[in-house]
Amino acid sequence: QAVFEVLGDAPSNIVLKEKHGECLGASLWASSRLLTHFLGAYLPALGAHGKGLRVLELGCGVGLPGIYCALQGCSVTLTDKDEVLEITRENVAANCIAQ
């Protein structure tokens, strides 16, 4: 387990578990980190720190961007292959987000 720190107007610490080598989506990708930092900087500008926004993350993997959005009050749907969603669900639960 690792803690990912998101900076910006609405900073957050997100707990993530990865399963390196198990399948492609079970590791945190650099693009997920970059997108989450972008969201940390710009999501607050969209209004009320995400409250009322709906987010659909396709191929979410470990779920970092979607979890961040959920913590900011967005309504989030995470999707991926069944073999990946197990770790996604664990990460959602670790961050105290209702499933």
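Residues numbered from 1 in each chain as written. Predicted model: local features only at pLDDT ≥ 70, side-chain atom pairs only at ≥ 80, totals over all residues. Heavy atoms only, no water.

(A) Quick peek at the environment of Cys 96. The topology assignment puts Cys 96 in the segment after α3 (82-94). The exposure class assigned to Cys 96 is exposed, which follows from its relative accessible area of 74%. Along the sequence, Cys 96 and Ala 45 sit 51 residues apart, while their C-alpha atoms lie 25 Å from each other. (Helix = DSSP H or I, 4+ residues; strand = E, 2+ residues; numbered from the N terminus. Buried < 20%, exposed > 50% of the residue type's maximum accessible area, 1.4 Å probe, protein only.)

(B) Representation of a nonpolar patch on the surface. Taken together, the side chains of Leu 35, Phe 38 and Tyr 42 define a hydrophobic patch exposed on the protein surface, amounting to about 330 Å² of accessible area. Looking at the secondary structure, you find Tyr 42 in helix α1 (residues 30-42). (Patch = residues over 30% accessible without salt bridge, like charges linked within 9 Å, V, L, I, M, F, W, Y side chains within 5 Å. Areas by Shrake-Rupley, 256 points an atom, 1.4 Å probe, with all protein chains shown as cover. Salt bridge = Lys/Arg side-chain N within 4 Å of Asp/Glu carboxyl O.)

(C) Structural context of the pattern of salt bridges. Within this structure, the stated rule accounts for three salt bridges. Residue Glu 90 pairs with Lys 17 through a salt bridge whose shortest N-O separation is 2.9 Å. In this pair, Glu 90 sits in helix α3 while Lys 17 sits in the loop between β2 (12-16) and α1, placing the two residues 73 residues apart along the sequence. Of the charged contacts in the structure, one is a salt bridge between Glu 90 and Lys 19, with a shortest N-O distance of 3.9 Å.

(D) Main features of the packing of α1 against helix α2 (residues 64-71). Close contact between α1 and α2 brings their axes to 8 Å; oriented N to C, the two are set at 20°. The pairing of α1 with α2 is recorded here as roughly parallel in orientation. Here α1 and α2 pass one another in a crossing that is right-handed. Counting all contacts with α1, which are made through Ser 32, Arg 33, Leu 35, Thr 36, Leu 39 and Gly 40, the residues of α2 involved are Leu 64, Pro 65, Tyr 68 and Cys 69. Here the contact of α1 with α2 is composed, by residue class, of six nonpolar, three polar and one charged. (Axes fitted to C-alpha atoms, helices over the stretch in contact; angles between N-to-C directions. Parallel < 35°, antiparallel > 145°, perpendicular 65-115°, else oblique. Left-handed = near helix turned anticlockwise from the far one by under 90°. Contact = heavy atoms within 4.5 Å. Nonpolar A, V, L, I, M, F, W, Y, C, P; charged D, E, K, R; others polar.)

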